[in-house]
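# Reading the structure
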Amino acid sequence: MATSLPSESESIETRRLPAVSSLKSHPKQIANASSQSTVSKKPTISGLGFPTSTGALLTADSRPSLRQRTSSDDFHFQADDHDDGQHHQVHLRSASSSSDLRSSRRPPPPPPSRSAKPASPSASPLLRPVPILSLPNPSTSPTKPSPPRSSHIPPPLPARKVTTSVHEDIPPPRTHALRILENTAPPESIVDPSPTTTERKAFGNLPPPPRRQIGLKDDLPEFKRQPQCSDSSDEEEEEESKTRIDLPDSSRSSRKPPIASFYPYLESHIHVPHNGVYAVAGSIVAVVSSHVVKLFDLDVSESPLYTLDLKDISPDHRSRKPTSLAFRNHTEKLTPLWIGTKDGHLFEVDIRSGVLVSAKMAAHSQAVTHIFSTGYKMVSMDDNGKALVFAPDDSQNFVLSSAQPRVLRIADKQDFVELIAGRLWTSAREPSSGTANLSRGPIVRVYDIHTLGSSGRSILPIEHVGTVTCGTILPSKPSHIYLGHEGGTVTIWTLEGAQGAPECVDVVKVSMSDILCLAGVNDRLWAGSRAGLISAYDASQKPWVMTNSWVAHKDVPVTHISVDPQSIPSVGKLCAVSVGRDEKMRFWDGLLAVSWIDQELMTREDEYSSYRELSTLIVSWNIDANKPDALTGDLSNIDFLKEVLTSAKSPDIISIGFQEVVDLENRKVTAKSVLLGNKTKAHDGSMPQKVSTSYKKWYDHLVLSVRLAHPGTSYHVVHSENLVGLFTCIFVKVSERASINDAHPNVIKRGMRGNFGNKGAIVCRLIIDDSSLCFINCHLAAGQHQVRQRGRDVAAILEECALFPEQSGFDPSAFVNGGDGTMVLDHEIDFFSGDMNYRIDARREMVMASVRSGEHKNLQVHDQLLKEMKVNRGFRLRSFQEGPIDFIPTYKYDPRTNEFDTSAKKRIPVWCDRVLWRVLTNSRVVQTQYRSWEANISDHRPISAVFNLTVKSIDPASRADVKGDVEKKWTGRQQRLLSDLQKFYVDWGVL
């Protein structure tokens, strides 16, 4: 007999039944179940999915048991009341006139049909399992005759009428096994059938929801904690490292501007409007300003010699707005100047006299956007893709007005156009679309202007890069072309590819921002950035190295960089020209003579310097908002300061840095620290009166501890600085106080995008003799997966401009990398210590096992800081060093115990607290100790490091003699370089 669910017309009545457990133990109670009173609670029947007449909702999740009564017309369902755990019985009675169910809730569509075995008349009068109910289609399923109704065999459930048009968009409900309550099956035979395999419907692109695999009354599976270092995070960090690994190494770049005085008058007074149309040839500078052309001669004056108004010199006396300029090559003193106008006219003017020599009226139908001079030829181009090539006659000359140019058609609306190595390189911005561009664009088209009938070749980079913004050629490598792109990449193209056309051979990521302009200057590739910096790259080695980076146009983009080959025959130097959004023009020494001389002087430093050694002790500890009176209990706490201060024998410098001196989670305390942070420093370096109590207590305690630890030696506090949770106190022997030429502290905020000091650094600078030292106490961003944020914090600390006042009174040899002492990396020796918060990328179980077995050194391959220093060339701490880590991780402990974190978070033990150093000459800094201590009042362990430093004293007279020898050596080298460069420019038709 096939069973089916009740129809919509059937009514529901609720009757109280005893619990299932009592029914099993007392089968006789089943007969009296119908006589129990109806309760007012609203029971629910899980498994049917519709409400009862008492308000109970029939659902399909809890799988209630279903029993059949012995009466001929009524059915009873046993359900659980979720309010008090009691069981109820729902009485289903046939009532065709009832519409309660139809009005309260639409019934779900029928589940897939499955066969059901009929109940056996001879079955035991106890519970027995019954197959899953089915809803046969009345139109297709045959109707089986029902057996005669008796006290033991119930009638079949009437078939539900389902309208497919109403439910065709509704997914079928989950089919569950319902147990029919019948007094003929034994309770021992109750078995839950396995869940059905009804196909589940997907939602859009998402997969179907998961199935419930847990049976009735089965225990839930044990909760699995997510690993501390997920695979997705590892992949993200790995991809990030791959993205940044090609960035050139900038750790040793010089930031001294290569300023050179080529001419008697300065070019910085020349105003270049925003359109940036200018031309430079030796001391002659032509600049378009509005509708006129201004001519300057820096050998004569910084003011314009005269102003050319094309309205006055043109034949029809109409206003002509200049749009492009170029000096004509291979002429004496470069007197001809070519001018293109907005109306498409071409003019040739003698700049010495200001006389119009020749004109080509209406040469173009649109504005002339570019004019190039190559050899004896001139190439003009407009925005419609029309290029005119003016070639000379047999006498290597041509008259502009009568010359018949050759027309070269190129694609219109080109964003990049440049004549490089006798070929016209063009590229247009790719049309933006809503989807990600996976092509190898942008398309670059190259035209050979010297070959008749050349139609150009379309070439592609080897991978997708940004829009082309600029291009150039390196004189030291004339077989390759370099194109700059948005996004900070440079593509390298060989001129002779496999098919005789230029071919892309490499893509180099040099910056995280767009490259606005490029110029090949001698053997360096100069690139201008949006921040006003010009960076010079050594492209002869791989990966590239940034050798120089200086501020050319402060805080504004560098829009143009070009090389003036005419400066070689005119002044005997190579001049590079830059123009910025500040509308100023700057001249630079293209050979970077200053950097070369400084490097040579440094290699000969022993010839004019004397040296002596100093001992330095550095202590770092995240004290977790503890005060000095917390150093009680264990001897490791009581004797900590005495032991750490005597770990170095009478050190000349003691630098102590604390983190989290105040509770950073306490808003009241941190607000007080912020409000008291803008204080006036004491002249003697001591702690000012208006400061938080915690800092004052620690300051007094440290001064006393240093005095007790070294009773025979007097120390003086040269620095005491605090920043919210950070605190730094630096002691120097009184005997060394006279050798300190400068002592200056400063703070850098990194919390909340640089506006809050809960994260950041305290930076202190000392100049001892003629050596500069910088001590950094930092607290970086926390979190297992905040590697990128910690890298940004480090970069902000090391690259902060104007951190210290410029020290013009000191010998420049006190600083390195061409710096003036205003930045951290200008100093000869840098110490970077504190709570850096770098973690270990490994599971906690593995880390704990390695620590317990004494094999914690094996964990260093997973240390985030060491990995960043090894593989990430853009990491600012890459040039720093760290001694061998022979101590176990210093974080995170349960305070006042030796147990690692036993809280619910169970953090991975890591080396958060570190001491790094940086020095140009490795022999100048020698680490003699690097260890942790067992003071346990905090969740961090303190660390310390002892160094022997070598500081120098310079003999000015000896240095002047050495510098004279170096400059003579440079003179000879410069002449050889200029000779090679002049030959290169002549071969390419520029000179």
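Remember, it's a predicted structure, so these values are computed and weren't measured experimentally.

What follows deals with the overall build of the protein. Looking only at helices and strands, one finds 15 helices and 42 strands in the protein. A total of 991 residues make up the protein; the buried ones form 51% of that total. Expressed as a percentage of contacts within the protein between residues at least 6 apart in sequence, the contacts between residues at least 24 apart total 62%. Total accessible area computed for the protein in this model is approximately 45800 Å², and 50% of it derives from carbon and sulfur atoms.

So, on to the packing of aromatic side chains. Scanning the model with the defined rule gives 25 aromatic pairs in all. Consider the rings of F640 and W933, whose centres lie 6.4 Å apart with planes at 70 degrees: the pair is edge-to-face. With F640 in helix α9 (residues 640-645) and W933 in the loop between β41 (925-932) and β42 (943-954), the pair connects residues that are 293 residues apart, well separated along the chain. We note that F640, like W933, is buried. Judged by centre distance (4.9 Å) and plane angle (70 degrees), the ring pair of F658 and W698 falls under edge-to-face. Separated by 40 residues along the polypeptide, F658 in strand β33 (residues 653-659) and W698 in helix α11 (residues 693-709) bring together distant segments of the chain. For W698, a relative accessible area of 0% corresponds to the buried category. Grouped by ring-pair contacts, the aromatic residues W621, F640, F658, Y695, W698, F727 and W933 constitute a single cluster.

This next bit is on the sheet that holds strand β11 (residues 346-350). Reading across the sheet, the 4 strands line up as β9-β10-β11-β12 and stay open at both edges, with antiparallel pairing between neighbours. Looking at the sheet topology across the chains shown, the edges are occupied by β9 (322-327) and β12 (355-360). Averaged over all pairs of adjacent strands, the angle between their axes in this sheet comes to 25 degrees, without regard to strand direction. Here β9 runs beside strand β10 (residues 336-341); their pairing, made up of 5 bridges, is antiparallel. Bridge pairing links F327 to L337 in β10.

Overall, the prediction assigns the protein a mean pLDDT of 78, with 70% of residues at 70 or greater. A low-confidence stretch, residues 113-151 stays under pLDDT 50, and its non-local contacts, those more than four residues away or across chains, total 81 contacts.

Right, let's talk about the environment of R429 for a bit. Its place among the elements puts R429 in the loop between β18 (423-427) and β19 (444-448). In this structure the C-alpha to C-alpha distance between R429 and D415, which are 14 residues apart in sequence, comes to 6.3 Å. Apart from the residues within four sequence positions on either side, R429 is in contact with D415, T467 and E486. At a separation of 2.8 Å, a polar atom in the side chain of R429 contacts the side chain of E486.

Tracing the sequence through the fold places S261 in the loop between α4 (231-244) and β5 (278-281). Each C-alpha atom of the pair S261 and F587 lies 8.2 Å from the other, and the pair is 326 residues apart in sequence.

Turning our eyes to something else, we now look at helix α12 (residues 787-798). Between its first and last C-alpha atoms α12 spans 17 Å; for 12 residues at 1.5 Å apiece the expected length is 16 Å, and the two agree. Within α12, 9 of the 12 residues are buried, which leaves the element mostly enclosed by the surrounding structure. Residues V787, R790, G791, D793, V794, A795, A796, I797 and L798 constitute the buried set of α12.

On inspection of all chains with the given rule, the structure shows 36 salt bridges. Across the pair K969 and E600 runs a salt bridge, and its minimum N-O distance is 3.5 Å. Placement of the pair is K969 in helix α15 (residues 956-987) and E600 in helix α7 (residues 593-603), with a sequence separation of 369 residues. Among the salt bridges present, the one from R876 reaches E799, with a minimum N-O distance of 2.2 Å.

As a further point, take the nonpolar core. Counting 48 residues, the largest nonpolar core has W425, I481 and W526 as the members making the most contacts within it. No other element matches α15, which puts 8 residues into this core. The next biggest cluster of nonpolar side chains, apart from the first, holds 43 residues, and it includes I618, I653, F775 and I829.

With an omega of 0 degrees, the peptide bond between K542 and P543 qualifies as cis. A cis amide bond, omega 5 degrees, links Y891 with the succeeding residue K892. Among the secondary structure elements, K892 is positioned in the loop between α14 (864-871) and β40 (913-919). The backbone of L592 shows a phi angle near 55 degrees, a positive value even though the residue is not glycine.

Turning to the sheet that holds β41, a few remarks are in order. Strand pairing in a sheet relies on backbone hydrogen bonds, with the paired strands running either antiparallel or parallel. Reading across from one edge, β34-β35-β33-β32-β42-β41 is the order of the 6 strands in this open sheet, with mixed pairing throughout. Taken across any chain shown, the strands that pair with only one partner, and hence form the sheet edges, are β34 (715-723) and β41. Put simply, the sheet's adjacent strands are angled 15 degrees from each other on average, direction ignored. In this sheet, β42 lies alongside β41 in antiparallel orientation, the contact comprising 7 bridges.

Contact pair α7 / α15: the axes reach a minimum separation of 10 Å and the direction vectors enclose 130 degrees. In this view, α7 runs oblique relative to α15, as classed from their interaxial angle. You can see that α7 and α15 cross each other, and the crossing is right-handed. Note on element contacts: α15 touches α7 through R959, V962, K963, V966, E967, K969, W970 and R973, opposite A593, W596, I597, E600 and L601. Residue classes in the contact of α7 with α15 are distributed as 7 nonpolar, no polar and 6 charged.

Side-chain positions along a regular strand alternate between the two faces of the sheet. Within strand β15 (residues 386-390), 4 of the 5 residues are buried, which leaves the element mostly enclosed by the surrounding structure. Note: strand β14 (residues 377-382) against β15, 4 bridges, orientation antiparallel. When the sheet's bridge partners are listed, V379 is paired in β15 with V389. Bridging between β15 and strand β16 (residues 406-409) involves 4 bridges; their strand directions are antiparallel. Each bridged residue has a counterpart across the sheet, and for V389 the counterpart in β16 is R406.

Scoring rules and cut-offs
- Residues numbered from 1 in each chain as written.
- Predicted model: local features only at pLDDT ≥ 70, side-chain atom pairs only at ≥ 80, totals over all residues.
- Heavy atoms only, no water.
- Helix = DSSP H or I, 4+ residues; strand = E, 2+ residues; numbered from the N terminus.
- Buried < 20%, exposed > 50% of the residue type's maximum accessible area, 1.4 Å probe, protein only.
- Contact = heavy atoms within 4.5 Å.
- Areas by Shrake-Rupley, 256 points an atom, 1.4 Å probe, with all protein chains shown as cover.
- Phe/Tyr/Trp six-rings, centres within 6.5 Å; stacked < 30°, edge-to-face > 60°.
- Pairing = 2+ DSSP bridges.
- Axes fitted to C-alpha atoms, helices over the stretch in contact; angles between N-to-C directions.
- pLDDT = per-residue confidence, 0-100.
- Polar contact = N/O pair within 3.5 Å; in protein donor to acceptor, adjacent residues only side chain to side chain.
- Expected span 1.5 Å × (residues − 1).
- Salt bridge = Lys/Arg side-chain N within 4 Å of Asp/Glu carboxyl O.
- Core = buried A, V, L, I, M, F, W, Y, C linked by side-chain atoms within 4.5 Å.
- Parallel < 35°, antiparallel > 145°, perpendicular 65-115°, else oblique.
- Left-handed = near helix turned anticlockwise from the far one by under 90°.
- Nonpolar A, V, L, I, M, F, W, Y, C, P; charged D, E, K, R; others polar.

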